[in-house]
Amino acid sequence: MAEPSAALSPLLKQATPVLAARGEGVYIYDEDDRRYLDFTAGIGVTSTGHCHPRVVEAAQRQVATLVHGQYTTVMHRPLLQLTERLGGVLPDGLDRLFYVNSGSEAVEAALRLARQATGRQNAIVFQGGFHGRTMAAASLTTSGTKIRAGIGPLMPGVVVSPFPYAYRLGMSEEEATEYALRELDYQLATVSAPKDTAAVFVEPVLGEGGYVPAPAAFLRGLRERADQHGILLVVDEVQTGFGRTGAFWGHEHAGIRPDITIIAKGLASGFPLSGIAAPHELMEKAWPGSQGGTYGGNAVSCAAALATLDVIEDEGLVANAADMGARLTRGLAGVAADHDVIGDVRGPGLMVGNEFTAPDGSPDTATATRAHKAAAEKGLLLLTCGPHGNVVRMIPPLIVTADQIDQAVDLWSQAV
Ligand code: PLP
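Just so it is clear, the structure is predicted and the values come from calculations on it, not from any experiment.

How each quantity is defined
- Residues numbered from 1 in each chain as written.
- Predicted model: local features only at pLDDT ≥ 70, side-chain atom pairs only at ≥ 80, totals over all residues.
- Helix = DSSP H or I, 4+ residues; strand = E, 2+ residues; numbered from the N terminus.
- Rg over C-alpha atoms; globule rule 2.2 N^0.38 Å.
- Buried ≥ 20, exposed ≤ 12 C-beta atoms within 10 Å, placed from the backbone.
- Contact = placed C-beta atoms within 7 Å.
- Near = placed C-beta within 6 Å.
- Nonpolar A, V, L, I, M, F, W, Y, C, P; charged D, E, K, R; others polar.
- Pairing = 2+ DSSP bridges.
- Axes fitted to C-alpha atoms, helices over the stretch in contact; angles between N-to-C directions.
- Left-handed = near helix turned anticlockwise from the far one by under 90°.
- Parallel < 35°, antiparallel > 145°, perpendicular 65-115°, else oblique.

Caption draft 1: Summary view of the overall build of the protein chain. Within the protein chain one finds 13 helices and 17 strands. At 21 Å, the protein chain has a C-alpha radius of gyration in line with the 22 Å of a compact globule built from 416 residues. Projecting the C-alpha coordinates of the protein chain onto the three principal axes gives extents of approximately 55 × 55 × 45 Å. Here the protein chain holds 416 residues, and the buried ones make up 52% of them. A sequence separation of at least 24 residues applies to 72% of the contacts in the protein chain between residues at least 6 apart.

Caption draft 2: Structural context of the site of the ligand. Taken together, 15 residues form the shell around the ligand, and within it Ser102, Gly103, Ser104, Gly132 and Val238 come nearest. Examining the composition of the shell around the ligand, we find that three residues originate from one element, helix H4 (residues 103-118), more than from any other. The class makeup of the residues in the shell around the ligand is five nonpolar, seven polar and three charged.

Caption draft 3: Spotlight on the sheet that holds strand S6 (residues 158-161). Read across the sheet, seven strands follow the order S4-S12-S11-S10-S7-S5-S6 without closing on themselves; strand pairing throughout is mixed. What marks the edges here is a single partner per strand, and that holds for strand S4 (96-100) and S6. For this sheet, the mean inter-axis angle between neighbouring strands, taken without regard to orientation, is 20 degrees. Taken together, the five bridges between S4 and strand S12 (residues 274-278) define a ladder with antiparallel strand orientation. Residue pairing in the sheet places arginine 96 in a bridge with alanine 278 of S12.

Caption draft 4: Seen up close, the packing of helix H3 (residues 77-87) against helix H10 (residues 299-314). For the pair H3 and H10, interaxial distance at closest approach is 8 Å and the crossing angle is 35 degrees. Judged by the sense of rotation from one axis to the other, the crossing of H3 with H10 is left-handed. Contacts between H3 and H10 involve Pro78, Leu79, Gln81, Leu82 and Arg85 from the former and Ala299, Cys302, Ala303, Ala305, Leu306 and Leu309 from the latter. Of the residues contributing to the contact of H3 with H10, the split by class is nine nonpolar, one polar and one charged.

Caption draft 5: Representation of the packing of helix H12 (residues 365-377) against helix H13 (residues 402-415). Interhelical geometry of H12 versus H13 gives an angle of 125 degrees and a closest axis separation of 8 Å. Between H12 and H13, the crossing angle belongs to the class labelled oblique. The hand of the H12/H13 crossing is right-handed. Across from Ala371, Ala374 and Ala375 in H12, the residues of H13 making contact are Leu411, Trp412 and Ala415. By residue class, the composition of the contact of H12 with H13 is six nonpolar, no polar and no charged.

Below, the structure written as structure tokens:
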């Protein structure tokens with residue numbers, strides 16, 4: 001249990017009282033050596049598990065060799081190798097990479113590039129979307145009021161269109177998709193003319209917004225409209241990339257190709273690293289100095305990312321995410337069937353949400369919060385999300401085993 005320190009800012013308020021002493025694989029141990037099944041993975045970051053020996057070894061070796069070599073002054077081997085390696089897993093045609101440190105910074109970079117490349121100002125985003133907390137990223141974010149309240153004025157030129165959140169809309173997936181695309185067409189016809197619209201930003205699965213997968217037909221509809229109007233389709237893969245959804249990229253489920261992809265989280269197993277990928281014709285429209293940052297493409301982070309990609313490949317983690325995700329979803333659906341409080345269980349791969357709903361159909365945040373807390377007391381660490389905080393989400397490391405999935409489902413059942 002963590003003892004609150006008077007010196008800590010309230011901004012560091014934690015959701016559980018766990019004081020993590022060490023991590024190993026799917027587990028976190030507190031200072032009393034109590035073990036917790038970590039189904040949060042540091043919010044989807046430690047995909048290869050805590051302290052994977054190959055990642056640790058690569059990082060240690062790099063720390064002893066070159067910690068930092070700023071790329072505008074000197075280039076270094078880990079960045080070059082990582083760029084080559086990512087070229088093998090990125091969607092065809094996205095052949096240029098640029099690195100920063102966090103998801104939000106990469107979102108900023110994508111927005112800058114979209115504006116630089118098109119000469120247009122506006123961005124279209126979707127209700128419930130989350131793209132980060134820096135000012136421009138927060139301007140693109142609508143997943144709840146906490147992030148934007150009291151920090152404005154935010155960036156102008158952001159147009160919000162509905163997301164096909166079928167469960168909350170009370171529609172079938174087809175109806176929700178049709179509705180959301182119709183609304184998008186309306187925005188393009190009335191509020192944000194194509195000639196003013198640089199980009200559409202979308203997550204393949206709404207993350208903070210409630211773990212709502214974008215239907216494949218919706219993503220294809222965005223691709224068509226982007227092509228028709230010369231608008232860039234920016235796919236934010238910060239939470240969905242690197243195997244999380246049971247495919248290497250979340251957008252693969254829809255068979256589309258983004259114009260810009262944003263990557264972070266699962267890229268480097270916990271070391272800060274993020275970036276954007278785009279075709280060279282697009283990337284060449286940005287000029288040196290207009291984008292960048294002191295720590296971008298840090299050598300240790302790049303070395304950790306290279307080891308992470310090796311582990312993902314050698315241990316078959318994308319396939320494991322698909323298999324273990326199906327097992328997790330099945331188990332959780334069983335729990336939901338036994339407990340009326342959970343109205344929907346959904347998600348591709350190892351990105352699964354349990355939505356709590358009151359008998360009158362409204363979001364049941366109180367019960368979700370209690371279940372989340374009870375799970376932590378039983379040794380299962382989880383997260384909440386959704387505009388109302390009524391979705392309990394599970395996002396374990398991709399190395400998770402069938403036994404660990406079954407244990408988590410059992411603990412969850414007891415907690416609910
Ligand atoms: N985009 C998505 C889809 C995210 O889930 C997040 C973080 O959760 C971000 C962007 C922002 O990333 P960061 O918190 O690293 O700035």
